[in-house]
Every structure is written in structure tokens, then in C-alpha cells.
Amino acid sequence: MAERLRSLVSSFPLFAMCVLLIVLVYPMARALDANAGQFVYLLDDPYIHLAIAKNVHLTGVWGISAGHFSSASSSPLWTLLLVLLGGGAAWPFVLNVLCALAILAWAKQGFVVSGEGLAWRGVWSEVYGGLWVVGLAFPAVILCGLEHLLHALLMLWAVEKLASDLSNEAMSSKAWVFVEKDSFWGGWWVLGCVGLVRYESLFLVGIAGVAYLKQRRLGRALALGVSVGVPVLAFGAWSVWQGGFGLPNPILLKGATSAVFSQRGFSVLMDRLGDNLGQAPEVLSLVVLGGLLLLLLRSEEARLRVLGEDQTEALRELQVLGEDRTGALRELRVLRWGLMLWMGIAGLHLLLARTGWFYRYEFYLLCVGWGYLARGWVFWVVRARIASARKQMCVLGLLCLGVVLFGARATEAQSAISPNMRGIYRQPYQVADFLRSYKRDVRVVLQDIGLVAYKTEAQITDLMGLGDQEIAQMRRRSGLNEKALVAVVEKRRSEMAVLYDRGPLAGWCAVAAWRQVPKLCCASERVVFSVARRKEVEPLRMALKAFSARLPDGVEVQWSSAQEIAKCRE
């Protein structure tokens, strides 16, 4: 029992956990102090998932507004987890911390296994874990309150399973054999879940499916497609049956997949590639380094195979390495396949998906890429014919490389946490509080929908289309048309619009605006409150004046003049 306890403690990333605690608690404490003790996430988006979970519990309907279906969640499985857990606002934070610890445990274990025989590997692995926490912006991603840590954890697991299975050379001679070893089917449920956590996981299915077909393992390719595709198709069919689209609204509105088949398809993809690399140059750096590492691992594999033919040299080499040649070859093939799968995923992601938006979209790419790059490098260093002292220098060089690659990212992410939390509290949080005090089930036009949907029972018209099927359809067909938009808003008898600094809707009357001084987050420093008719101005003005005494420091109220209001329609 004592031995098992010592083994568990040694495999747990204690140092990394301490680093995580320090870099997570400090900016949170600063933000809580500035926000009158109120905890908010770094973005408005996590409250979309929480609002759906709330409405499922209250009305049984999957949507941001009570009684109205909308496929506003780009991660159905994450939202379902929140539904099962009761929809409390703390659950995204708790789940993200647990996923972060699991990722760090995976990273440490892989580093130690690859570095067997390397002196001081315990110290190196602890420093390596700390680099993951800071360099990959774990605190920022945790406080985003979204599914990206769960996605990274499942992708690490899925890539490991697929790399292990693809590296298995003892395959059946029958092309349509589904079950050859436990390595694939032992993780089938991971493959089934990963697609519903983030749809970018389908990139992995495509790359691994092509690899299986190249190996003439048709059964495996089909099994992979079924295990990932069936849950995705089932959710899409259910969404269509409910009146939505086959894919979630955010995927349809933000992705580049539809543009691929247009006349400007190539230029759109090149623009997307340039934008993505500009926002996350670390991904390109890891791809280049991964390609160089593949060459080193390939030469090492050739050397190990030659050792199998020269028994005298093999015995001498194995005495130095203290390991089994077959096991080394197996680990080497897994690392190579892991790197190749990751490079394929990274290429598709850079072309078809997005990076940036608070360090989260590319987070899983950095986790998988850096994890396999570090494991592969340490594996090669341990087995290379260089002096022991130089092996230590090579591992130190790896850690320094990580600092160089992720240093700017880490600094920017850490410094942005506290201001962004204050900005969310100043703008979307205050808008939600005001609407709840004004009229809990108000019919309102919005652009940031999360906090309002979660804290109120408002009937929301979402101009972004994420939580509104009619607006999403309009955006997909021809973009937002002001005349058509006003017609939709009036048909729904919307009482108010709270929009960014684009001015009121055509013919609507601006009553007041809240301005962040200085701007700390969000698409605009101002949100404008407007109504459809002049007779509705005074009740809203009085409510805003009464609420303005509760606004936090840094929010400035700007009132419309009497001349501007006089121009409003009766």
C-alpha cells in the first residue's frame, strides 16, 4: 500500500500544480477585489453554455431563451456535462482545473517514460510541468470557462491511442478485420466523445482514416469513422428535428468550410492561413521543429533495426541503454505516428478553423504538439551516442526552447487575465444586472448574449446569430440587411436593443450609452441602449438613471440629447 502511494505521488505533477495555483490565484484575487467580490469568467461565451443548461433544467428546451430551441453551443458534450452537473456557474472552473491536472499528469508521465536512464529526470520533469502551466497559458484558458482543456485532454488520449494502433506492425492480413488488439477499442469511447467536444476533432479522424487506408486496414478506417461520426450525426439530426441546422450555429458562421467550395475558395483559405499564423506563430514553429525531429527519429529507428542484425553490437548497446530494443522501437514508432498525426491536424486547423481569441482555439494544438515534440526529443537524446553531461545540456536546451517559443504568449496571457475579468464585469455583467432589474423577461436585441441569457429570462434576438436560427439563416444567405433585421425585430415586438457602438437600429432611438474608461475588453468600449419609439424613452431613461448609482468605477454614462430624442419616431 505504501509503495502504491509513493508511486501515485511520484507520478502526480506536484510542482506544476503549485505553479498553477500561484499564477491562477494572483490575477483572480486582483480581479475579485476590483469587481466587488464578484467572480466572472474572462469571456461572455461560457455563460452561453450555462444559459442552455439552465433552460434545459427549467423548460426542457436546448436554447438560450426559455422555450425556444437554438444550437448556440459549439461543444454539445461540454454543455451536456453542465446540464448533468446542474448548471452552476462554478462548474466550468472546477472541470477545467481537473482537466488541467490530468493534462499535466500525462505530460509528466510521458516525459519520465521517454527519459528513462536520464539522470535527474525527476527534476527535469517538474520544471517541464511548470513550463506547460505558464507557457501554454493554462490560467487564461481555465478562466475562459470553456471546453478547451477537456478537448486538449481527450485529443492527447485519442492521438496516443491512434498512434499506438497505427504503429502496430503485426496487423491482420484480412483488410476488414475490426478487432486486432485492445489498443484501439480500449479507447473507442474517447474517440466517440472527442468529436462532440470540439468539431475540429474531425481533422484527426480524416488524417488517421487516410493513414489506415494507406495501411490497407479498411475495417479500422470504417470503425474510426463510425465511432466519431455517429455521435456527431446523431446530434445534427436531433438539431434539425428541433428546427435548427445540422451543425451548431457558431461552426456554420465562423468556419471556413463553406468558403472552400466557392469561387474565392483558395484566396479565402490563404487569408485564413495568414491570419492564423499571425495570431499563433508558435504553431508554425512547432510544425517545423516536429518535421526536423521526425528526421532524427527516423535515423534512430534505422539504427535500432541494424542493431537487431548485429547481435554483438546489440548486446553492448543494450547494456549501455539498459532497455529492450523491441520496446524502444515500439515507443519510437508511437512517437513518430503521434507527430505525423499532429502535423496533419495542425495543417487542417490552420486552413479551416481559427486561432487566437484569448489563446484558446489553438490550445489543443500546442498541448499535443509540444507534448510529442518534448517526448520525442528526450527519447532521442537518451538513446543518442553522446556523453551523459551533454544529454543534460540537450534537455536544458529543450526547456530553453520552450521559454523562447512560449515566452511572449505566456506574458501576454497572464497580464490580460485581471483586466479582462474587470472588463466583463463592467460591461456584459452590468447589462445583465440592469435587464434583470428592469424586466426579467424583457424582449431585447443583443450582440453579447451569454450573461444576459444566464442571469435573466429575456427573450433574446441575437444579432450575431449564435443563438438565433432566423438571424443565422439571414447571415448565411446574404448577410445582415438593416431593413430585414428591423422587420424581424418588430415582428418579435422587441422592447429594447443593447448594442455595441454601431448606433441604434434603423429608425430606433438611442437613449444612453455606457462607456468603459479605459476599454478593458469586448468588441467596443460602448454599449448603446435604444428603443423603437419616443414614448418608450422616458421609462428606460428613468430606469437607467436609477441603476447608474450601482455602476462600478470605470463606467461612464452618456445621455442622448433632447434634440436627438426629438428626432425619434412617435
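Before reading further, recall that the structure is shown in the block above.
Residues numbered from 1 in each chain as written. Predicted model: local features only at pLDDT ≥ 70, side-chain atom pairs only at ≥ 80, totals over all residues. Heavy atoms only, no water.

Before going further, it helps to spend a moment on the sheet that holds strand β3 (residues 496-500). Taken together, the six strands give an open sheet; going across it, the order is β2-β1-β3-β5-β4-β6, and neighbouring strands pair in mixed fashion. Either end of the sheet is taken by a strand with one partner, and the two such strands are β2 (459-462) and β6 (555-559). In this sheet, neighbouring strand axes are inclined to one another by 20° on average, regardless of whether the strands run parallel or antiparallel. In this structure, strand β4 (residues 509-516) lies alongside strand β5 (residues 526-531), joined through six bridges in antiparallel fashion. Bridge pairing links C509 to V531 in β5. (Pairing = 2+ DSSP bridges. Helix = DSSP H or I, 4+ residues; strand = E, 2+ residues; numbered from the N terminus. Axes fitted to C-alpha atoms, helices over the stretch in contact; angles between N-to-C directions.)

The geometry of helix α10 (residues 188-197) relative to helix α12 (residues 218-241) is characterised by a closest axis approach of 8 Å and an angle of 40° between their N-to-C directions. For the element pair α10 / α12, the angle class is oblique. Crossing hand, α10 versus α12: right-handed. For the pair formed by α10 and α12, the contact residues are W188, L191, G192, G195 and L196 on the first element and L224, S227, V228, P231, V232 and F235 on the second. Taken together, the residues of the contact of α10 with α12 sort by class into eight nonpolar, three polar and no charged. (Parallel < 35°, antiparallel > 145°, perpendicular 65-115°, else oblique. Left-handed = near helix turned anticlockwise from the far one by under 90°. Contact = heavy atoms within 4.5 Å. Nonpolar A, V, L, I, M, F, W, Y, C, P; charged D, E, K, R; others polar.)

Let us now look at unusual backbone geometry. Comment: phi is negative for the bulk of residues other than glycine, and the bulk of peptide bonds are trans. Looking along the chain, the bond that leaves V517 and enters P518 is cis, with omega of -10°. Within the chain, A36 stands out as a residue other than glycine whose phi angle is a positive 55°. With respect to the element layout, A36 can be found in the loop between α2 (14-34) and α3 (46-59).

Let's shift gears to the nonpolar core. Core analysis: the largest hydrophobic core is formed by 159 residues, its most contacted members being W132, F138, W370, W514 and F529. The element contributing the most residues to this core is helix α20 (residues 388-438), with 16 residues. L463, I471, L485 and L505 belong to the second largest nonpolar core, which has 13 residues in total. (Core = buried A, V, L, I, M, F, W, Y, C linked by side-chain atoms within 4.5 Å. Buried < 20%, exposed > 50% of the residue type's maximum accessible area, 1.4 Å probe, protein only.)

Opposite charge on two side chains permits them to pair, given that their charged atoms come into close proximity. Scanning all chains against the criterion turns up 20 salt bridges. For R409, the salt bridge identified is with E362, shortest N-O distance 2.8 Å. Of the two residues, R409 is situated in helix α20 and E362 in the loop between α18 (325-352) and α19 (363-383); the sequence distance between them amounts to 47 residues. Here R515 makes a salt bridge to E525, at a shortest N to O gap of 3.2 Å. Here R515 is found in strand β4, whereas its partner E525 is found in the loop between β4 and β5, with 10 residues between them in sequence. With relative accessibility at 24%, the residue R515 sits in the partly exposed group. Here the residues in one salt-bridge network are D468, E470, K491 and R492, joined through shared partners. (Salt bridge = Lys/Arg side-chain N within 4 Å of Asp/Glu carboxyl O.)

What follows covers the packing of aromatic side chains. Evaluation of the coordinates by the stated rule reveals 24 aromatic pairs. Centroid distance F138 to F363: 5.3 Å. Interplanar angle 70°. Geometry classified as edge-to-face. In this pair, F138 is assigned in helix α7 (residues 138-144) and F363 in helix α19, connecting sequence segments 225 residues apart. As far as the burial class goes, F138 and F363 line up, both buried. On the numbers, 5.4 Å between centres and 80° between planes, the contact of F358 with Y359 is edge-to-face. In this structure F358 comes out as buried when scored by relative accessible area, which is 14%. (Phe/Tyr/Trp six-rings, centres within 6.5 Å; stacked < 30°, edge-to-face > 60°.)

Spanning 14 residues, α3 covers 20 Å between terminal C-alpha atoms, matching the ideal 20 Å at 1.5 Å per step. The element α3 is largely enclosed, with a buried count of 10 among its 14 residues. The inward-facing, buried residues of α3 contact α4 (76-84), α5 (91-114), α7 and α21 (450-455). At the exit of α3 stands G60, carrying a positive phi of roughly 80°. (Expected span 1.5 Å × (residues − 1).)

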